[in-house]
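Notes for the structure review
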Amino acid sequence: MTVSDPLINRVIGGCRVVSLLGAGAMGRVYRAVQESLDREVALKVLPKELASDVEFITRFLREAKAIAQVSNPNIVQVFDAGLDEDAKSYYIMMELVRGRSLDRYIEEGRQFSFGEIYSIMGQCAFGLAAAHRAGIIHRDIKPANVMLGEDLIVKIADFGLAKTAKRKIADPTAGSGKITAEALQKLRAELTDAGAIVGTPAYMSPEQCLGHQADARSDLYSLGATFYYLVGGRPPFSDPDPLRVIYQHLNDAPTPLDYWRSGVPAGIKEIVKTLLAKHPALRYRSCEDLYEDVQLAAAGRAILGIKRYSSQGAAKKPKSMPRLPAAKSDPRLAATPPAEAGRGAPAEVPREISKAILAAIIVVVVLMILSCAGVTLYIVTKAGGKTTGDAAGAGTGKSPPAHVRCAWG
Ligand SMILES: Nc1ncnc2c1ncn2[C@@H]1O[C@H](COP(=O)(O)OP(=O)(O)OP(=O)(O)O)[C@@H](O)[C@H]1O
Ligand SMILES: [Mg+2]
């Protein structure tokens, strides 16, 4: 393919370029031969325009150096990175993966078995854990950056290549949890400005959507979105309007995976749900913890997800959650996406139901406490007038009167 590509047959970074493997937002990837060692490699050549972006290049070289120190079977190994003076382009020379990226497999119609999915999940967690331990945040985990060899060995690519926004995207809630129509308008303008954001927001974490710094837990959210895609064949939120996708990352629950595929094991659903928690504090705290849950779930054992962090088995809800305003403040956001229009909006229904159940439980508990207090008052009033003998019997293993037992059911 692309015989006309000007880089074919040229030597860049000591590698003779053989053929184009693919192209993305950050340049083109070629199959090449490293001449000194006569071995096949993948060579990513960054667009020339980036050479003048000093901040990006500095970080790119620093992170290439850092990731080159990490040796992990699930991370694409980086051999070299630098500037090719003749081509006037920066390049990154890396291990050639004989396989395809996850999105290519899915686009070609491949449906991975749940066993394979557990294996992919475990390998992703294992590879990403090694990077995080070395202090490297990927920032752009998505199916296109997770390669899968023919042998189903996962190789995570493109560490440190994500280009952050040139300008920090303003938090439209300005930390108050509320947003004005003007702020929303400004956000849309920023998102449609080509320089502000790179790529689709389909796999971005809510905090990245708000222009905050990405950390390890942000990578975990993106990994959750990638797993969702792997199981359901589509990202958790997709819409041609990037603002709507961002709105959904911040506010909506994704359509349950059961809707897209039947028989999804509870373990997979719990893992994806934990990874896709809106607030970073409600996700797994590390890839190691995720890895542990994947192993347990794959072995058919029950997992706690986020509840593993609480001795009571219940996750503590953080105080503030990033939220955008109710959909009615922006008619475009209120529109039901076509894919879901004919099928209802399954994700929203359980949330409403659970609120109603919670309210009902609270009412019942309050009524029980009140009736109990009434019964106790009645006994005390009656017994108080008679004798202290009943009170003495209270800790001696005697059964309470029948009507008291009835009060508790
Ligand atoms: N190390 C590699 N070995 C083999 N093929 C690779 C390698 N890295 C990338 N590719 C191929 O090149 C294609 C383009 O990769 P590239 O990273 O440029 O784009 P992308 O991942 O789709 O988007 P982005 O620029 O956002 O990362 C990939 O889809 C993959 O098929
Ligand atoms: Mg890539």
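Structural notes, computed from the coordinates.

Cut-offs applied
Residues numbered from 1 in each chain as written. Chains lettered and ligands numbered in written order. Predicted model: local features only at pLDDT ≥ 70, side-chain atom pairs only at ≥ 80, totals over all residues. Pairing = 2+ DSSP bridges. Helix = DSSP H or I, 4+ residues; strand = E, 2+ residues; numbered from the N terminus. Contact = placed C-beta atoms within 7 Å. Axes fitted to C-alpha atoms, helices over the stretch in contact; angles between N-to-C directions. Near = placed C-beta within 6 Å. Domains from an automatic or database assignment. Core = buried A, V, L, I, M, F, W, Y, C linked by C-beta atoms within 7 Å. Buried ≥ 20, exposed ≤ 12 C-beta atoms within 10 Å, placed from the backbone. Expected span 1.5 Å × (residues − 1).

If you trace the six strands from one edge of the open sheet to the other, you get β1-β2-β3-β4-β6-β5, paired in antiparallel fashion. Looking at which strands have only one partner, the edges of the open sheet turn out to be β1 (11-12) and β5 (78-84). Where strand β3 (residues 27-34) meets strand β4 (residues 39-45), seven bridges bridge the pair, whose relative direction is antiparallel. By the bridge assignment for β4, Arg31 is matched with Ala42. Helix-sheet contacts for helix α1 (residues 54-69) involve β5 and β6 (89-95), and the interaxial angle to β5 is about 155°.

Note that β1 and strand β2 (residues 15-24) share two bridges and pair antiparallel. Within β2, the position partnered with Ile12 by the bridge is Cys15. Where β2 lies against β3, eight bridges are found, and the strand directions are antiparallel. For Cys15, the partnering residue across the bridge sits in β3 and is Gln34. The hairpin turn running from β2 into β3, its antiparallel successor, is two residues long.

As a structural note, the neighbourhood of ligand 1 is formed by 21 residues, with Gly22, Gly24, Val29, Ala42 and Ala144 the closest of them. Those elements that provide at least two residues to the shell around ligand 1 are β2, β3, β6 and β7 (99-101). In terms of residues, the shell around ligand 1 owes the most to one element, β2, which gives four residues. Structurally, the shell around ligand 1 is a two-domain feature, drawing no fewer than three residues from each of domain 1 (1-96) and domain 2 (99-341).

Of all hydrophobic cores here, the largest spans 79 residues; its most connected members are Leu43, Met121, Cys124 and Leu275. Looking at which element gives the most residues to this core, the answer is helix α6 (residues 216-232), with 10 residues. When residues of this core are assigned to domains, at least three fall in each of domain 1 (1-96) and domain 2 (99-341). Leave out the neighbours within four places in its chain, and Cys124 touches Asn74, Val146, Val154, Ile156 and Leu223.

What follows concerns the pairing of strand β8 (residues 146-149). Across three bridges, the pairing between β7 and β8 is antiparallel. What sits directly across from Gly99, in β8, is Gly149.

Once that is clear, we can look at the environment of Gly233. Checked against the element boundaries, Gly233 lands in the loop between α6 and α7 (242-251). When the 14 C-beta atoms within 10 Å are taken as the criterion, Gly233 is described as partly exposed. C-alpha of Gly233 to C-alpha of Leu257: the two residues are 24 residues apart in sequence and 9.6 Å apart in space. Non-local contacts of Gly233, meaning those with residues more than four positions away in its chain, are made with Ile106 and Trp260.

Here we come to helix α3 (residues 114-133). Here α3 spans 28 Å end to end across 20 residues, near enough to the 28 Å set by a 1.5 Å rise per residue. Once α3 finishes, Gly135 follows within two positions and takes phi at roughly 80°, a positive value.

Here the focus is unusual backbone geometry. Positive phi, close to 50°, is recorded for Asp38, a residue that is not glycine. Of note, Asp38 is situated in the loop between β3 and β4. For Asp158, which is not a glycine, the phi torsion comes out positive at approximately 70°. Within the secondary structure, Asp158 sits in the loop between β9 (154-156) and α4 (181-192). The class of Asp158 is buried, set by 23 C-beta atoms lying within 10 Å.

We now examine helix α9 (residues 287-298). Its 12 residues give α9 an end-to-end C-alpha distance of 16 Å, which sits within 8% of 16 Å, the value for a rise of 1.5 Å per residue. Those residues of α9 that are buried are in contact with α3, α6 and α8 (266-275). Immediately beyond the C-terminal end of α9, within one or two residues, lies Gly300, with a positive phi of roughly 80°.

As a further point, take the environment of Arg98. As for its position among the elements, Arg98 is in the loop between β6 and β7. C-alpha separation for the pair Arg98 and Met147, spaced 49 residues apart in sequence, amounts to 8.9 Å.

Further remarks concern the sheet that holds β9. The strand order across the open sheet formed by three strands is β7-β8-β9, and the pairing between neighbours is antiparallel. Since the sheet does not close on itself, it has two edges, and those belong to β7 and β9, each with one partner. Along the sheet, successive strands turn relative to each other by an average axial angle of 25°, direction set aside. Taken together, the three bridges between β8 and β9 define a ladder with antiparallel strand orientation. Bridge pairing in β9 links Met147 to Lys155. Here α3 sits on the sheet in contact with β8 and β9, set at roughly 40° to β9.

Treat this as a map of the structure, not an account of what it does.
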